[in-house]
Amino acid sequence: MANHKIKGRKEATILRELTIIIEREMKNDILRALSIAEVRLTNDSEIAKIYWSFLPLNNEITKELISSELEENKKTIRMKLAHKLNTRTVPDLFFEYDTSLENANRIEEILNKVNK
């Protein structure tokens, strides 16, 4: 039970710090368009999966563009995160696009078709 609480606290801390790093410390307008939805750590805290989404404010910023920018800046983001965390090791970061909103919209469309 205690491990789940500790893991949850670590995930919340990583989410908060990554949001601050991307919004304030990275000088990249493309990355500022994204929003981190969730962070999931493995049981050994070696790997952190970061689920992100974005609001397309203009037609120039796409999911693929943000994904490539995240991959290019992953090392820098991890280094900045290491300076903020009070842990011995920093997990490897894997950024994954969050499809939950798209799935919810698709389910809602199907339910609307069924109800008509």
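On a predicted model such as this, the values are computed, not experimentally measured, just so you know. (Residues numbered from 1 in each chain as written. Predicted model: local features only at pLDDT ≥ 70, side-chain atom pairs only at ≥ 80, totals over all residues. Heavy atoms only, no water.)

Draft legend 1. Representation of the layout of surface pockets. Taken as a whole, the largest pocket spans an internal volume of roughly 180 Å³. Around the largest pocket, the lining residues are Arg32, Ala33, Leu34, Ser35, Ser53, Phe54, Leu55, Leu57, Tyr97, Asp98, Leu101 and Glu102. Put simply, the parts of the chain that give the lining of the largest pocket at least two residues each are β1 (34-41), β2 (47-54) and α3 (100-115). Residues that form the lining of the largest pocket fall into these classes: seven nonpolar, two polar and three charged. Approximately 160 Å³ is the volume found for the second largest pocket. Every residue along the wall of the second largest pocket is listed here: Arg9, Lys10, Thr13, Ile14, Leu41, Asp44, Ser45, Glu46, Leu85, Thr87, Thr89 and Pro91. By residue number, the principal contributor to the lining of the second largest pocket is helix α1 (residues 2-25), which donates four residues. Partitioned by chemical class, the residues of the lining of the second largest pocket number four nonpolar, four polar and four charged. (1 Å grid on protein atoms, 1.4 Å probe; cavity = no way out; pocket = protein on both sides within 12 Å on 5 of 7 lines; lining within 4 Å. Points joined across faces, edges and corners; volume = space filled by probe spheres on them. Helix = DSSP H or I, 4+ residues; strand = E, 2+ residues; numbered from the N terminus. Nonpolar A, V, L, I, M, F, W, Y, C, P; charged D, E, K, R; others polar.)

Draft legend 2. Region of interest: the sheet that holds β2. Pairing in this open sheet of three strands is mixed, and the strands run β1-β2-β3 from one edge to the other. The sheet is open, and its two edges are formed by β1 and β3 (92-97), each paired on a single side. Neighbour to neighbour, the strand axes of the sheet diverge by 30 degrees on average, direction disregarded. Of the pairings in the sheet, the one linking β1 to β2 comprises seven bridges and is antiparallel in character. Across the sheet, Val39 pairs through a bridge with Ile50, a residue of β2. Sheet strands in contact with helix α2 (residues 63-84) are β1, β2 and β3, and its direction is about 160 degrees off that of β3. (Pairing = 2+ DSSP bridges. Axes fitted to C-alpha atoms, helices over the stretch in contact; angles between N-to-C directions. Contact = heavy atoms within 4.5 Å.)

Draft legend 3. Main features of the nonpolar core. Judged by nonpolar contacts, the single largest core of 25 residues is most densely connected at Leu34 and Ile77. Among the elements of the structure, α1, β1, β2, α2 and β3 are those that each provide at least two residues to this core. Leave out the neighbours within four places in its chain, and Ile77 touches Leu18, Ile21, Ile22, Met26, Leu31, Leu70, Leu93 and Phe95. (Core = buried A, V, L, I, M, F, W, Y, C linked by side-chain atoms within 4.5 Å. Buried < 20%, exposed > 50% of the residue type's maximum accessible area, 1.4 Å probe, protein only.)

Draft legend 4. Focus on the packing of aromatic side chains. Scanning all chains against the criterion turns up three aromatic pairs. Taking the centre distance of 6.4 Å and the plane angle of 40 degrees together, the rings of Trp52 and Phe54 count as tilted. With respect to class, Trp52 is no different from Phe54; both count as buried. Aromatic side chains Trp52 and Tyr97 sit 5.1 Å apart centroid to centroid with 70 degrees between the ring planes, which places their arrangement in the edge-to-face category. Of this pair, Trp52 sits in strand β2 while Tyr97 sits in strand β3; the two residues are 45 residues apart in sequence, bridging distant segments of the chain. Through a chain of ring-to-ring contacts, the aromatic side chains of Trp52, Phe54 and Tyr97 assemble into a single cluster. (Phe/Tyr/Trp six-rings, centres within 6.5 Å; stacked < 30°, edge-to-face > 60°.)

Draft legend 5. Looking closely at α2. With 22 residues, α2 extends only 28 Å from end C-alpha to end C-alpha; this falls clearly short of the ideal 32 Å at 1.5 Å per step. When the local axis directions of α2 are compared, the greatest deviation, roughly 60 degrees, occurs at Asn73. All of the buried residues along α2 are Ile66, Glu69, Leu70, Asn73, Lys74, Ile77 and Leu81. (Expected span 1.5 Å × (residues − 1). Bend = angle between axes of the 7 residues up to and from the residue.)

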